[in-house]
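# Observations on chain architecture
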Amino acid sequence: MNILSVESSCDETSVSIIKDGKEILSNVVLSQIDIHKQYGGVVPEIASREHIKGITMVFEEAIQIAGITRKDIDLVAVTKGPGLIGSLLIGINAAKAFAFANDIEISGVHHIAGHIYANAISKDLEFPLVCLVVSGGHTELILMKEHYSFEKLGETMDDAVGEAYDKVARTVGLGYPGGPVVDRLAKEGKPSYKMPDISLGNTYNFSFSGIKSHVINLVHNINQRNEEVNIPDLCASFQETVSEVLVNKSIKAIAEYNAKMFMIAGGVAANKGLRKKIEERINNVKVVVPEFKYCTDNAAMIGVAGYYQYLSKQQTDDMKLNGKSRLNLE
Ligand code: KG4
Ligand code: ZN
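Small disclaimer: the values here were computed from a predicted structure and weren't measured.

### What about the domain arrangement of the protein chain?
- Considered domain by domain, the protein chain is made up of domain 1 (2-117 + 295-311) and domain 2 (125-289).
- Between the C-alpha centres of domain 1 and domain 2 the distance comes to 27 Å.
- With 20 residues of domain 1 in contact, the opposing surface of domain 2 contributes 21 residues.
- Between domain 1 and domain 2, a total of about 1500 Å² is buried, with carbon and sulfur atoms accounting for 72% of that surface.
- Looking only at domain 1, the three residues that lose the most surface to domain 2 are I116, Y117 and C295, adding up to 38% of its buried area.
- Our enumeration of links across domain 1 and domain 2 arrives at zero salt bridges.
- There are four residue pairs in polar contact (both at pLDDT 80 or more) connecting domain 1 and domain 2.
- The set of elements that each furnish at least two residues to the side of domain 1 that touches domain 2 consists of helix 1 (33-37), strand 5 (105-110), helix 4 (111-117) and helix 10 (299-321).

### Quick word on the nonpolar core
- Counting residues in each nonpolar core, the largest one holds 48 residues, and the members touching the most others are F208, L234, F238, V242, L246 and F262.
- Secondary-structure elements contributing two or more residues to this core are strand 6 (129-134), strand 7 (139-144), helix 5 (161-171), helix 6 (179-188), helix 7 (209-224), helix 8 (231-256), strand 9 (261-265) and helix 9 (272-281).

### What about the sheet that holds strand 6?
- Taken together, the five strands give an open sheet; going across it, the order is 8-7-6-9-10, and neighbouring strands pair in mixed fashion. The open sheet has two edge strands, strand 8 (151-155) and strand 10 (286-288), and neither has a second partner. Pairs of neighbouring strands in the sheet enclose a mean axial angle of 20°, with direction left out of account.
- By the bridge criterion, five bridges tie strand 6 to strand 9 in an arrangement that is parallel. Bridging across to strand 9, L129 finds its partner in M261.

### As for the pairing of strand 7
- Of all six residues in strand 7, six are buried; the element is thus mostly enclosed.
- Neither face of strand 7 is open: one carries T139, L141 and L143, the other E140, I142 and M144, and all of them are buried.
- As judged from the six bridges shared by strand 6 and strand 7, these two strands associate in the antiparallel manner. The partner of C131 across the bridge, within strand 7, is I142.
- With antiparallel pairing between neighbouring strands as the criterion, strand 6 and strand 7 make up a hairpin whose turn holds four residues.
- Alignment of strand 7 against strand 8, held across four bridges, turns out to be antiparallel. Bridge pairing in strand 8 links L141 to G154.

### Details of a negative patch on the surface
- Among the surface-exposed residues, D20, E23, D72 and D74 lie close enough to one another that they form a single negatively charged patch.
- Its location among the elements puts D72 in the loop between helix 2 (44-66) and strand 4 (75-81).

### Examining the site of ligand 1
- Taken together, 20 residues sit near ligand 1, with G136, G137, D166, G267 and N271 positioned nearest.
- G136 places a polar main-chain atom, nitrogen or oxygen, 2.9 Å from an oxygen atom of ligand 1.
- Measuring from an oxygen atom of ligand 1, one finds a backbone N or O atom of G179 at 3.1 Å.
- Elements supplying a minimum of two residues to the shell around ligand 1: helix 4, helix 5 and helix 6.
- Considered class by class, the residues forming the shell around ligand 1 number five nonpolar, twelve polar and three charged.
- Formed jointly, the shell around ligand 1 draws a minimum of three residues from each of two domains, domain 1 (2-117 + 295-311) and domain 2 (125-289).

### Considering the packing of aromatic side chains
- For the coordinates displayed, the defined rule picks out eight aromatic pairs.
- Each ring, one from F59 and one from F98, has its centre 5.4 Å from the other, and the planes form 50°; the classification is tilted. In this pair, F59 sits in helix 2 while F98 sits in helix 3 (residues 85-102), placing the two residues 39 residues apart along the sequence. Accessibility classification places F59 together with F98 in one group, the buried group.
- With 5.0 Å between their ring centres and 85° between their planes, Y165 and F238 make a pair best called edge-to-face. Of this pair, Y165 sits in helix 5 while F238 sits in helix 8, and the two are 73 residues apart along the sequence.
- Residue classification places Y165 among the buried positions, given a relative accessible area of 3%.
- Looking at F238, the relative accessible area reads 0%, which means it is buried.
- Members of the aromatic cluster, each reached through a chain of ring pairs, are Y117, Y148, F150, Y307 and Y308.

### Focus on the coordination of the zinc ion (ligand 2)
- Binding of the zinc ion (ligand 2) to the protein goes through H111 (NE2), H115 (NE2) and D297 (OD), at separations of 2.0 to 2.1 Å.
- In this structure, the zinc ion (ligand 2) is coordinated by four donor atoms arranged in tetrahedral fashion, with angles at the metal of 95 to 128°.
- Between consecutive donors of the zinc ion (ligand 2), the numbers of intervening residues give the motif H-x3-H-x181-D. Of the two residues, H111 and H115 both sit in helix 4, four residues apart, roughly one turn of that helix.

Parameters at a glance
- Residues numbered from 1 in each chain as written.
- Chains lettered and ligands numbered in written order.
- Predicted model: local features only at pLDDT ≥ 70, side-chain atom pairs only at ≥ 80, totals over all residues.
- Heavy atoms only, no water.
- Domains from an automatic or database assignment.
- Contact = heavy atoms within 4.5 Å.
- Buried area = accessible area lost by both parts, 1.4 Å probe.
- Salt bridge = Lys/Arg side-chain N within 4 Å of Asp/Glu carboxyl O.
- Polar contact = N/O pair within 3.5 Å; in protein donor to acceptor, adjacent residues only side chain to side chain.
- Helix = DSSP H or I, 4+ residues; strand = E, 2+ residues; numbered from the N terminus.
- Core = buried A, V, L, I, M, F, W, Y, C linked by side-chain atoms within 4.5 Å.
- Buried < 20%, exposed > 50% of the residue type's maximum accessible area, 1.4 Å probe, protein only.
- Pairing = 2+ DSSP bridges.
- Axes fitted to C-alpha atoms, helices over the stretch in contact; angles between N-to-C directions.
- Patch = residues over 30% accessible without salt bridge, like charges linked within 9 Å, V, L, I, M, F, W, Y side chains within 5 Å.
- Areas by Shrake-Rupley, 256 points an atom, 1.4 Å probe, with all protein chains shown as cover.
- Lys, Arg positive; Asp, Glu negative; His and termini not counted.
- Charge placed at Lys NZ, Arg CZ, Asp CG, Glu CD.
- Near = heavy atom within 4 Å.
- Nonpolar A, V, L, I, M, F, W, Y, C, P; charged D, E, K, R; others polar.
- Phe/Tyr/Trp six-rings, centres within 6.5 Å; stacked < 30°, edge-to-face > 60°.
- Donors = N, O, S within 2.8 Å, 3.2 Å for Na, K, Ca; no water.
- Tetrahedral: all angles 85-135°; square planar, octahedral: opposite > 155°, others 65-115°.

What follows is the structure in structure tokens.
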């Protein structure tokens with residue numbers, strides 16, 4: 001089964017062709033990062049305009065690289081949200097037009113399901129599993145008891161972890177996106193700055209706005225004293241506190257739900273400090289991390305999620321025919 005998938009929720013225009021949910025025949029990603037960099041973050045209006053400019057070309061390139069024709073495509077999968085509405089609309093309308101013109105079924109995929117299913121490209125998922133979703137817009141702990149069933153155990157009460165990374169980077173002038181630079185500098189520094197307690201007690205919820213404000217105030221105070229911020233140490237202190245709380249809550253969820261597998265997903269899943277801590281601390285279950293190229297937004301992950309969504313919908317229909325109860329897919 002060949003799926004053509006489309007992702008345009010933020011600042012990447014991407015189209016991919018996936019065979020049987022595993023084989024990536026093509027994954028074309030047109031990134032706008034260099035354009036948004038000069039503004040210190042994504043400008044929604046500019047993002048929409050760039051998607052319009054690139055989308056047809058990205059479609060054509062993805063089909064050409066895959067070496068297939070339109071007739072070989074069985075399903076179109078497109079990110080339906082969450083994301084920037086103007087950006088989403090470009091991908092959704094292009095996908096709808098393509099599906100309509102070629103008489104192909106179309107299916108909307110949740111962006112976070114895509115990030116989670118980036119892990120299924122290289123590994124077969126084993127249930128129950130716990131997935132830590134860490135992206136620019138989301139921070140969630142998800143329990144999956146079977147394919148395409150997502151139970152939210154906890155989430156951020158305020159900022160997403162990627163957002164906090166980007167803000168810290170901006171405060172010390174490291175540019176956008178800040179996560180990768182903070183990650184790189186953290187490796188060179190020591191966690192010598194005191195950070196606030198962000199554990200939120202025993203819950204599975206997170207909060208990152210407190211540590212973000214703390215870093216901003218700390219930097220202002222140091223500047224006012226005409227002293228210099230040790231940027232690598234600041235990055236190391238921030239990263240240590242953040243990754244510690246992410247890993248601690250993951251360990252608690254793995255134990256409570258007897259998980260067989262633990263995964264991470266989303267842009268911050270590329271974080272080397274987080275990956276190292278997971279490797280050191282989580283060794284009683286299978287650990288899956290997505291390949292770096294599938295951590296940030298891309299259409300391949302949407303195609304893989306679309307495949308499993310399609311299979312579980314079919315299963316639901318079969319169960320309906322057998323008179324059994326419906327699965328909860330939302
Ligand atoms: O998942 P993503 O592409 O976008 C959303 O769906 O939100 O994630 C983008 C986020 C940005 O905040 C970026 O700074 C962060 O992922 N990021 C990282 C790293 N690479 C990307 N954060 C920390 N360490 C990294 N190595
Ligand atoms: Zn994303």
